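Fold and contact review
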Amino acid sequence: MADTLGTFEQAVLVAILRLGADGYGRRILIDVQERLGRELASGAVYATLDRLEAKGLVRSNLAPGTPQRDGRVRRYYVLTAAGVRALNESRKTAERIWRGLAWPLKGRV
Amino acid sequence: MTPARDPEPFEPPLLARMLLETVLPLETEESVSGDLIEEYRHRLLRGSSHRPAVFWYLRQVAGFVWRAIWMFTAFVAAAVALRDIVDTFVPVVPGPHAYQLRSAFTTWSAVAIYLSAGFVAALKSGKISTGLFVALASHVVGHLVAISVGAVLFFSVIARNLAALEEFQLSGGWGEAWSIPLMLVPIVAILAIVGACVGRLVRRPLTGRLT
């Protein structure tokens with residue numbers, strides 16, 4: 001069974017999926033911030049990307065930079081088959097947990 | 001004729017940029033620093049003042065630096081604070097080798113921490129300079145934390161007990177709390193470089209390719 005993904009890892013993986021060919025560090029950071037609705041330390045996103053790559057859930061390739069970044073290379077991320085499986089598994093787990101409950105929750109428990 | 005805009009504000013603060021490049025691993029140094037420069041310039045162009053963009057950049061760099069040093073900072077602070085706490089609550093019984101065991105603990109724990117800091121940081125980053133920086137920064141910040149703990153101990157325990165106050169003054173007092181960390185800087189640097197050289201040697205080859 002694959003490792004359980006945390007919420008932040010899921011947000012990063014979904015951002016990579018959504019961005020497709022445009023999924024490099026800065027764009028992923030912006031997308032995750034928009035989805036989570038708060039400003040994030042970019043170090044947290046890069047640490048998560050490193051961890052996901054070490055787990056084999058994403059892979060990265062370098063592409064030439066642009067003048068806006070002094071020609072520094074961009075690192076583009078894509079999901080691996082294991083990454084897609086892990087996301088599917090996380091979604092399925094969340095749905096199993098919530099099955100049978102009306103959303104949004106009402107009143108006191 | 002419109003005067004050309006000064007290019008200086010488009011550059012992030014130089015020291016912060018150098019710090020960032022010091023703590024980033026070789027594999028991601030260029031791409032991550034490029035991302036931050038790109039976002040910094042984007043924020044500059046979007047806003048009327050450059051201060052929020054500079055503040056944003058500095059916060060990001062501080063985050064990277066803290067991620068690199070927090071663990072060894074905690075070790076340094078814990079080792080020094082532990083020694084202070086033991087000295088305060090379990091005073092040494094005077095004798096020929098009274099301080100030997102405690103000194104040995106402090107010395108060898110410091111050697112282990114600074115060697116490990118250099119080793120781990122260079123192993124992660126692939127750069128000896130990162131090992132040196134992480135050890136020195138952990139030394140400075142760790143001692144500042146330990147001195148804060150020492151201040152709490154001083155005002156809550158030592159200053160209220162005449163015997164403890166005399167013992168504190170005899171063992172060097174506040175002067176020692178500041179001077180010893182400064183005197184240790186060259187030794188910390190040597191240990192960090194030794195650890196970093198080993199870390200760099202055992203590191204895996206570089207990964208990542210340009211497509």
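A brief report on the enclosed structure follows. (Residues numbered from 1 in each chain as written. Chains lettered and ligands numbered in written order. Predicted model: local features only at pLDDT ≥ 70, side-chain atom pairs only at ≥ 80, totals over all residues. Heavy atoms only, no water.)

This brings us to unusual backbone geometry. Residues and elements named next belong to chain A. Here the bond from Trp103 into Pro104 is cis, since omega is 0 degrees, no more than 30 degrees from zero. In this fold, Pro104 is placed in the segment after helix 4 (81–98). For Asp70, which is not glycine, the phi dihedral falls at a positive 55 degrees. With respect to the secondary-structure elements, Asp70 resides in the loop between strand 1 (58–63) and strand 2 (74–79). Look at Asp70 and you get partly exposed, because its relative accessible area is 37%. (Helix = DSSP H or I, 4+ residues; strand = E, 2+ residues; numbered from the N terminus. Buried < 20%, exposed > 50% of the residue type's maximum accessible area, 1.4 Å probe, protein only.)

Right, let's get into the packing of aromatic side chains. For the structure shown, the criterion picks out seven aromatic pairs over all chains. Pairing Tyr46(A) with Phe64(B) gives two aromatic rings, centres 6.1 Å apart and planes at 35 degrees, and the pair type is tilted. Taken together, the residues Tyr46(A) in helix 3 (residues 42–54) and Phe64(B) in helix 3 (residues 51–89) connect one chain to another. Just as Tyr46(A) is buried, Phe64(B) falls in that class too. Residues Phe154(B) and Trp174(B) carry aromatic rings whose centres are separated by 5.5 Å and whose planes lie at 65 degrees to one another, so their mutual orientation is edge-to-face. Of this pair, Phe154(B) sits in helix 5 (residues 128–156) while Trp174(B) sits in helix 7 (residues 173–202), and the two are 20 residues apart along the sequence. Arg74(A) extends its terminal NZ or CZ atom over the ring of Tyr24(A), reaching a point 4.1 Å from the ring centre. (Phe/Tyr/Trp six-rings, centres within 6.5 Å; stacked < 30°, edge-to-face > 60°. Lys NZ or Arg CZ within 6 Å of the ring centre and 35° of its normal.)

Function cannot be read off these values alone, since they describe shape.
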